[in-house]
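Observations on the model geometry
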Amino acid sequence: QVQLHESGPGLVKPSQTLSLTCTISGASIDGNDYYWSWVRQPPGTGLEWIGYIRFRTMTYYSPSLAIRASISRDTSKNQYTLQLSSVTPEDTAVYYCARVTAEEYGLALRRGYWGQGTQVTVSS
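To start, this report covers the structure provided alongside it. (Residues numbered from 1 in each chain as written. Predicted model: local features only at pLDDT ≥ 70, side-chain atom pairs only at ≥ 80, totals over all residues. Heavy atoms only, no water.)

So, on to the pairing of strand S6 (residues 58-61). With four bridges joining them, strand S5 (residues 48-54) and S6 adopt antiparallel strand pairing. Its bridge partner being in S6, Arg-54 is matched across the sheet by Met-58. From the end of S5 to the start of S6, which pair antiparallel, there are three residues, and Phe-55 there has a positive phi angle of about 55°. (Pairing = 2+ DSSP bridges. Helix = DSSP H or I, 4+ residues; strand = E, 2+ residues; numbered from the N terminus.)

Here we come to the nonpolar core. As a rule of thumb, nonpolar side chains are buried together in soluble globular proteins. Counting residues in each nonpolar core, the largest one holds 26 residues, and the members touching the most others are Leu-4, Leu-18, Ile-24, Trp-38, Tyr-80 and Tyr-95. Those elements giving two or more residues to this core turn out to be strand S3 (18-25), strand S4 (35-41), S5, strand S7 (69-74), strand S8 (79-84), strand S9 (93-100) and strand S11 (118-122). A per-element tally of this core places S3 first, with four residues. Contact partners of Leu-18, with chain neighbours within four places excluded, come to Val-12, Leu-82, Gln-83, Leu-84, Val-87, Tyr-95 and Val-120. (Core = buried A, V, L, I, M, F, W, Y, C linked by side-chain atoms within 4.5 Å. Buried < 20%, exposed > 50% of the residue type's maximum accessible area, 1.4 Å probe, protein only. Contact = heavy atoms within 4.5 Å.)

Time to look at the pattern of salt bridges. Going through the model one piece at a time under the given rule, you end up with five salt bridges. Ionic contacts of the salt-bridge type, sharing partners, join the residues Arg-40, Glu-48, Arg-68 and Asp-91 into one network. (Salt bridge = Lys/Arg side-chain N within 4 Å of Asp/Glu carboxyl O.)

With respect to the element layout, Thr-118 can be found in strand S11. Relative accessible area serves as the criterion here: at 15%, Thr-118 is assigned to the buried category. Beyond its immediate sequence surroundings of up to four residues, Thr-118 is in contact with Glu-6, Leu-20, Ala-93, Val-94 and Tyr-95.

All told, the structure shown has nine aromatic pairs when counted by the stated rule. Both rings, one in Trp-36 and one in Tyr-80, keep their centres 6.0 Å apart while their planes meet at 65°; by these two values the pair is edge-to-face. Residue Trp-36 is found in strand S4, and its partner Tyr-80 is found in strand S8; the two are separated by 44 residues along the sequence. Here Trp-36 falls in the buried class, since its relative accessible area comes to 1%. Look at Tyr-80 and you get buried, because its relative accessible area is 0%. One aromatic cluster in this structure is built from Tyr-35, Trp-49, Tyr-52, Tyr-60, Tyr-96, Tyr-105 and Trp-114. Over the face of the ring belonging to Tyr-34 we find Arg-99, whose NZ or CZ atom lies 3.7 Å from the ring centre. Of note, Arg-110 hangs over the ring of Trp-114, and the distance from its end group to the ring centre comes to 5.5 Å. (Phe/Tyr/Trp six-rings, centres within 6.5 Å; stacked < 30°, edge-to-face > 60°. Lys NZ or Arg CZ within 6 Å of the ring centre and 35° of its normal.)

Position of Leu-107 relative to the elements: it lies in the loop between S9 and strand S10 (113-114). Taking the C-alpha atoms as reference points, Leu-107 and Glu-48, separated by 59 residues in sequence, lie 9.3 Å from one another. Ignoring anything within four residues of it in the chain, the contact list for Leu-107 reads Leu-47 and Trp-49.

Bear in mind that shape data such as this cannot, by itself, settle questions of function.
Structure (structure tokens):
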């Protein structure tokens, strides 16, 4: 059974860096070619795909977030992380990690394996 779990601070101050970790069980991040993704859902909106890491080092980011986002992996811990710098209140959202295929990436619905989501609020 593949399970993903997000963790990190629920409150981040404006201009700081949002840091989240996705912990994987039941599968290896160093396995088949899946897209290990970060997705967020601001209040009252649909899914916004932030980016992914695949293979060992290849990353992709949404053009609107590419300057601020960074995704990395720690194979020894079977984890991958998201760092989003210079946050503003518009970054307030529920953040998810997800393992999806190429066909599932970017959809407006959940396919593949998803974490439970974690609320992150950007506020002073």
